[in-house]
Amino acid sequence: MRRYDFIIAGGGMAGLSLAYYLNQSVLRNKSILIIDKAEKKTNDRTWCFWERGERNPFEAIVYRKWQVVDFYEPTFSAQLHLGDYWYKMIRGIDFYTFVLTDLLQNPNIEFVAQTIHRITNTPQGAFVIAGDEATTYIADYVFDSTYTLKLTDPHRHNLLQHFKGWEIETDQPVFDVNRATLMDFRVFQDNDSRFFYILPLSPTRALVEYTLFSDKLLPPEAYVDQLTHYLQHTIGLTGYTILHEEFGVIPMTDEPTPERVGKRIIRIGTAGGYTKASTGYTFVRTQRFTQEIVGNLLTIGKPLKKRSLFRRRHRLYDSILLNVLANHRYPGSEVFAQLFRRNEPAQVLAFLDEDTTFQEELKIMSTVPLGQFTVAALDVFRKRVLSLI
Ligand SMILES: Cc1cc2nc3c(=O)[nH]c(=O)nc-3n(C[C@H](O)[C@H](O)[C@H](O)COP(=O)(O)OP(=O)(O)OC[C@H]3O[C@@H](n4cnc5c(N)ncnc54)[C@H](O)[C@@H]3O)c2cc1C
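Residues numbered from 1 in each chain as written. Predicted model: local features only at pLDDT ≥ 70, side-chain atom pairs only at ≥ 80, totals over all residues. Heavy atoms only, no water.

- The name an unreviewed UniProt entry assigns to the protein chain is Lycopene cyclase family protein, from the organism Nibrella viscosa.

## Brief notes about empty space enclosed by the protein
Moving on, step 1. What the rule picks out here adds up to one cavity of 30 Å³ or more.
Moving on, step 2. As a volume, the largest cavity reaches approximately 100 Å³.
Moving on, step 3. If you go around the largest cavity, the residues you meet are C48, F49, W50, K276, T279, Y281, T282, F283, V284, R285, L352 and D353.
Moving on, step 4. Going through the elements one at a time, β3 (46-52) and α4 (283-299) are the ones with two or more residues in the lining of the largest cavity.
Moving on, step 5. A per-class count over the lining of the largest cavity returns seven nonpolar, two polar and three charged. (1 Å grid on protein atoms, 1.4 Å probe; cavity = no way out; pocket = protein on both sides within 12 Å on 5 of 7 lines; lining within 4 Å. Points joined across faces, edges and corners; volume = space filled by probe spheres on them. Helix = DSSP H or I, 4+ residues; strand = E, 2+ residues; numbered from the N terminus. Nonpolar A, V, L, I, M, F, W, Y, C, P; charged D, E, K, R; others polar.)

## What about the environment of Y230?
Moving on, step 1. Looking at the element boundaries, Y230 is found in helix α3 (residues 220-234).
Moving on, step 2. Once the C-alpha coordinates of Y230 and F196 are considered, the two residues, 34 residues apart in sequence, prove to be 8.3 Å apart.
Moving on, step 3. For Y230, the residues in contact, after removing those within four places along its chain, are D184, F196, I198, V208 and I235.
Moving on, step 4. Among the polar contacts listed, one links the side chain of Y230 to the side chain of D184, at a separation of 2.6 Å. (Contact = heavy atoms within 4.5 Å. Polar contact = N/O pair within 3.5 Å; in protein donor to acceptor, adjacent residues only side chain to side chain.)

## Thoughts on the layout of surface pockets
Moving on, step 1. Taken as a whole, the second largest pocket encloses approximately 1,200 Å³ of empty space.
Moving on, step 2. The wall of the second largest pocket is formed by 43 residues, among which E259, R307, R311, R312 and R315 lie closest to the centre.
Moving on, step 3. Elements supplying a minimum of two residues to the lining of the second largest pocket: β16 (240-253), α4 and α5 (313-326).
Moving on, step 4. A class-by-class count of the residues in the lining of the second largest pocket yields 13 nonpolar, 11 polar and 19 charged.

## Some points on the sheet that holds strand β14 (residues 193-202)
Moving on, step 1. Spatial strand order, β6-β5-β13-β14-β15-β12-β16: seven strands in an open sheet with mixed pairing. The strands lining the two open edges of the sheet, one partner per strand, are β6 (76-81) and β16. Strand-to-strand twist of the sheet, defined as the mean angle between neighbouring strand axes without regard to direction, takes the value 15 degrees.
Moving on, step 2. Of the pairings in the sheet, the one linking strand β12 (residues 158-170) to strand β15 (residues 205-214) comprises 10 bridges and is antiparallel in character. (Pairing = 2+ DSSP bridges. Axes fitted to C-alpha atoms, helices over the stretch in contact; angles between N-to-C directions.)

## Examining the pattern of salt bridges
It is possible for side chains of opposite charge to pair when their charged atoms get near one another.
Moving on, step 1. This model, assessed by the stated rule, comprises 29 salt bridges.
Moving on, step 2. Note that D215 is salt-bridged to K216, the shortest N-O span being 3.6 Å.
Moving on, step 3. Among the residues examined, D215 registers a relative accessible area of 49% and is labelled partly exposed.
Moving on, step 4. Assessed through its relative accessible area of 56%, K216 is described here as exposed. (Salt bridge = Lys/Arg side-chain N within 4 Å of Asp/Glu carboxyl O. Buried < 20%, exposed > 50% of the residue type's maximum accessible area, 1.4 Å probe, protein only.)

## Some remarks on the sheet that holds β3
Where strands meet in a sheet, backbone hydrogen bonds hold them as pairs that are either parallel or antiparallel.
Moving on, step 1. With antiparallel pairing, three strands are arranged side by side in an open sheet as β3-β7-β4. With partners counted over all chains shown, the strands left at the sheet margins are β3 and β4 (62-66), one partner each. On average, adjacent strands in this sheet sit at an angle of 25 degrees to one another, irrespective of strand direction.
Moving on, step 2. In the packing of helix α2 (residues 92-103) onto the sheet, the strands contacted are β3, β4 and β7 (85-91), and the crossing angle to β7 comes to about 80 degrees.

## Description of the nonpolar core
Moving on, step 1. Counting residues in hydrophobic clusters, the biggest one holds 48 residues, and the most contacted among them are F71, Y87, L199, F336 and F340.
Moving on, step 2. With 37 residues, the next largest nonpolar core counts M13, L18, F95 and V294 among its residues. (Core = buried A, V, L, I, M, F, W, Y, C linked by side-chain atoms within 4.5 Å.)

## Considerations on unusual backbone geometry
Moving on, step 1. The backbone phi angle of L151 is positive, close to 55 degrees, even though this residue is not glycine.
Moving on, step 2. With respect to the secondary-structure elements, L151 resides in the loop between β11 (135-144) and β12.

## Side note on the site of the ligand
Moving on, step 1. The environment of the ligand is made up of 26 residues, and the closest members are A14, D36, K40, C48 and T282.
Moving on, step 2. Here T46 contributes a backbone N or O atom positioned 3.0 Å from a nitrogen atom of the ligand.
Moving on, step 3. Taking C48, its main chain carries an N or O atom lying 2.7 Å from an oxygen atom of the ligand.
Moving on, step 4. In isolation the ligand offers 980 Å² of accessible surface; the protein chains occlude 87% of this area.
Moving on, step 5. At the level of elements, α1 (13-23), β3 and β16 are the ones that each hand at least two residues to the shell around the ligand.
Moving on, step 6. Counted by class, the shell around the ligand contains 10 nonpolar, 11 polar and five charged residues. (Near = heavy atom within 4 Å. Areas by Shrake-Rupley, 256 points an atom, 1.4 Å probe, with all protein chains shown as cover.)

## Some words on the packing of α5 against helix α9 (residues 370-388)
Moving on, step 1. At a minimum axis distance of 8 Å, the contact between α5 and α9 shows a crossing angle of 110 degrees. Comparing their axes, α9 and α5 come out roughly perpendicular. Seen from above, α5 lies across α9 with right-handed handedness. Along its contact with α5, which presents L316, S319, I320, L321, N323 and V324, the element α9 presents Q372, F373, A376, A377, D379, V380, F381, K383 and R384.
Moving on, step 2. Of the residues in the contact of α5 with α9, the class split is nine nonpolar, three polar and three charged. (Parallel < 35°, antiparallel > 145°, perpendicular 65-115°, else oblique. Left-handed = near helix turned anticlockwise from the far one by under 90°.)

In structure tokens, the structure reads:
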């Protein structure tokens, strides 16, 4: 049985981010094992996110970025200038290559390509059982991003963000590389929140994605029909070639997804509840939380520190928005339209990024339909009380 200081179970976005920050600190001298069932050799996803300036350490691999984005909704359309924010895109393959190149230089970091069967907490350490031979590894801490969330609590809101995207190439130059489309709600909503986004990669190449917030997936052909219809009838494109396809499902949930599941097992990434419940964005929060883990290990010798109730107030805002959407109290398209119409875009992005003061939050929240959001807030409190009984 091999013993390590840290085992990172799952070398995807969160596992590799954590490993990267450990490797940038004095903790690089600790023994670290990364276990993943798959090698990271394909461009299996792209991450979009917004940030002010160049805060993340992966700026060198940002594939495209935009400071102006378009927003379309039947009652309100605008070119949104993001102020000091940039909307950025990182390709999965560039992220994996960049981080792995960094990690491979450290002889204290080992990799094994095995499927993990079980992770258990014991007084001696956390055990990971993996591979065909059921090899056991033990560590002071296991950081687990392989756990699949169950999400079945009837007192919570469990929506899905699901999307299908095509990277397309056109014969003629039709895309403005300086302007992405953040949200285009000019599509049949069918009582959900449905929109397209377009990330122009060159005048003839773009990633176009059809995204839904709803409680059920669509049949596969429905995504294709909508993409085809949008490209032809809304954008007016007829001649294009599909270069690459992407499909994904991200949980939009306010069900508690604890990071700590034992003294020595910490869940990270989607498994650790890093996904922002109301938007599905995970990349920036993963950078923030994995950096916090490294900071805590360095300062208090433990990965997690209790977050104050006040700092967790954003979860309540997320629950209220999920309640509005899940109960169809007000169309999601109009909520976003009102937010962008009545606030500075940078302020909306800061709010969604949990980077606002309480006063700023009150101001932003006063710009959504108050009646429906108050009913939703009362329902959220009612459900919370019921879940305690
Ligand atoms: C197609 C797609 C696009 C997305 N786009 C965005 C975006 O634009 N912006 C954003 O903020 N978020 C986005 N997300 C959400 C989120 O950022 C990603 O899902 C992100 O990859 C989550 O990181 P993670 O480490 O939690 O999971 P993953 O990156 O999926 O990593 C988990 C790792 O665990 C491994 N693993 C799983 N089970 C086992 C096992 N039993 N044994 C061994 N290894 C195992 C997997 O091989 C994988 O490498 C997207 C998600 C998808 C699916």
